[in-house]
Amino acid sequence: MAFEPPQRLVRALGEMPQPAQDAAWLGQLPRLAEAALARREVQAQRVQAPGGRSSLVVLVRYADGTPAALKLAPPHARPDRELAALAHWGGFGAVRVLDSRYHEDDGALLLERLHPEVSLRSLPETKSLLEASGTLRRLWVAPPAGHVWETVAERTLRQSAVIAAAPAEVRPLAGTALAMRDELVAAPPEELLLHGAFRQGKVLAGERAPWLTVGPDPLVGERAYDLARLVRDRLEDQMATSAGAAGARRRVNRLADALEVDRDRLRGWTVFRAVESGCRALAAGRRRDAELLLEFAAWL
C-alpha cells in the first residue's frame, strides 16, 4: 500500500526548526514503513487520518488477526525516548508497547491498537476533565535511575529562545513569561516522569482500559508543568464564553486543587506554555492561533 504522509503531518514538520532533515525523512517514509512492517511481521491495513502532527500511524494486524498500530516519527521527535517512557509506565494509564526493542534504522514503535476516532474530546467538558485528571495522575511516577529524558528546566530553556525573539507587540507578555519560568525552575518541588504533551485529544478509548494516553513527549520535572497544557484545552470554547479572564483563573484553580498542585505554579507554567505556543504560531504565520493563545495567557 502507499504510505503517503497526511497533510497535517507535512504542515507540522514544515514549522519545525530542521526542515531539511524532516523533508529527507518524509522522502524515506515509504521505505521506512515497509521495512518496519517486515521487521515486525505485521500487515498494514490503512494509514490513520488525519493522523498526528509529528508522526505517521499505520493501523496493522498480526498474522493471527490481532490488531496493532505502527507509529513512525522523525529522528528529532526522539521515538527512543517515547518508547522508554511507555515501557516505564508498562501500560498503566498509557498505550502498551508490543515490541520493546528499538530499531534505530526505522525508528518505529509497535503499539496496542486503541480507538483513534474516540478521544476525551468526545465527552462533555466536565466529564472529560475528570477522566483526563485521573489518567494524568497515573503517569506521574518516579523516573528510573540514569534516565534518558531531558528536564523541564532544559526544555524550557530551549523554548525560551522563541519567546525572546517575539515581536515588539508581544514583548511585555513575553518578558512576563520568561520571568515566571526563571522563578519556577529555581526551586522545583519534585522530579517525576511527565507526559510532556498531555491534552484531551491525547487520551483515546481502549479495550483493556476505558481511556489510555498516547503520544508522550516525555521529560522529568514537576506536575504543574504537565497539567499546564490541559488548562487551555478546548481553547476556542473557553474564549467564546462570557466568563472571560475570571473563568480561566477558576479553571486553573479547579485543576490545581483536583490534582493537588500548587495554584501559583500551575498558573506560571500555563502562562509560559501558552506564550511559547503563541510565539511559535506567530513565527509560523498562524496569526489567529497566536492571538488566541496570547490573549488567554494575558487573562491569567
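Please refer to the structure placed before this passage.
Read on for an overview of the structure.

Rules behind the numbers
Residues numbered from 1 in each chain as written. Predicted model: local features only at pLDDT ≥ 70, side-chain atom pairs only at ≥ 80, totals over all residues. Heavy atoms only, no water. Helix = DSSP H or I, 4+ residues; strand = E, 2+ residues; numbered from the N terminus. Expected span 1.5 Å × (residues − 1). Buried < 20%, exposed > 50% of the residue type's maximum accessible area, 1.4 Å probe, protein only. Contact = heavy atoms within 4.5 Å. Salt bridge = Lys/Arg side-chain N within 4 Å of Asp/Glu carboxyl O. Axes fitted to C-alpha atoms, helices over the stretch in contact; angles between N-to-C directions. Parallel < 35°, antiparallel > 145°, perpendicular 65-115°, else oblique. Left-handed = near helix turned anticlockwise from the far one by under 90°. Phe/Tyr/Trp six-rings, centres within 6.5 Å; stacked < 30°, edge-to-face > 60°. Lys NZ or Arg CZ within 6 Å of the ring centre and 35° of its normal.

### Considering helix 9 (residues 244-258)
Phase 1 of the analysis: Between the first and last C-alpha of helix 9 there are 21 Å, a value that for 15 residues agrees with the 21 Å anticipated at 1.5 Å per step.
Phase 2 of the analysis: What helix 9 keeps buried is the set Gly-244, Gly-247, Ala-248, Arg-251, Val-252, Leu-255 and Ala-256.
Phase 3 of the analysis: For helix 9, the elements touching its buried residues are helix 4 (125-139), helix 7 (223-231), helix 8 (235-240), helix 10 (263-283) and helix 11 (287-299).
Phase 4 of the analysis: Positive backbone phi, at 55 degrees, marks Glu-260, one or two positions downstream of helix 9.

### Looking at the pattern of salt bridges
Phase 1 of the analysis: Considering all chains together, one arrives at 21 salt bridges under this definition.
Phase 2 of the analysis: Measuring nitrogen to oxygen at the nearest pair gives 2.8 Å for the salt bridge that ties Arg-78 to Asp-80.
Phase 3 of the analysis: Residue classification places Arg-78 among the partly exposed positions, given a relative accessible area of 34%.
Phase 4 of the analysis: Here Asp-80 falls in the partly exposed class, since its relative accessible area comes to 26%.
Phase 5 of the analysis: Through salt bridges with shared partners, a single ionic network connects Glu-150, Arg-155, Arg-158 and Asp-217.

### Here we look at the packing of helix 6 (residues 171-186) against helix 10
Phase 1 of the analysis: At a minimum axis separation of 9 Å, helix 6 and helix 10 run at an interaxial angle of 135 degrees. Judged by the angle between their axes, helix 6 and helix 10 are oblique. Like other packed secondary-structure pairs, helix 6 and helix 10 cross with a definite hand, here left-handed. Contacts between helix 6 and helix 10 involve Leu-173, Ala-174, Ala-177, Leu-178, Met-180, Arg-181, Leu-184 and Val-185 from the first element and Arg-265, Arg-267, Gly-268, Trp-269, Val-271, Phe-272 and Val-275 from the second.

### Things to note about the packing of aromatic side chains
Phase 1 of the analysis: Inspection of every chain in the model, using the stated rule, returns 3 aromatic pairs.
Phase 2 of the analysis: For the ring pair Tyr-225 and Trp-269, a centre distance of 5.3 Å and an interplane angle of 80 degrees mean the geometry is edge-to-face. Within this pair, whereas Tyr-225 is found in helix 7, its partner Trp-269 is found in helix 10, the two being separated by 44 residues in sequence.
Phase 3 of the analysis: Residue classification places Trp-269 among the buried positions, given a relative accessible area of 0%.
Phase 4 of the analysis: Arranged with centres 5.8 Å apart and planes meeting at 90 degrees, the rings of Trp-269 and Phe-272 form a pair that is edge-to-face. Within this pair, Trp-269 and its partner Phe-272 are both found in helix 10, separated by 3 residues, close to a single helical turn.
Phase 5 of the analysis: According to the relative accessible area criterion, Phe-272 is buried, its value standing at 0%.
Phase 6 of the analysis: An aromatic cluster is defined as three or more aromatic residues linked by ring pairs; in this entry it consists of Tyr-225, Trp-269 and Phe-272.
Phase 7 of the analysis: The ring centre of Tyr-225 lies 4.2 Å from the NZ or CZ of Arg-273, which sits over that ring.

That's the geometry; what it means functionally is another story.
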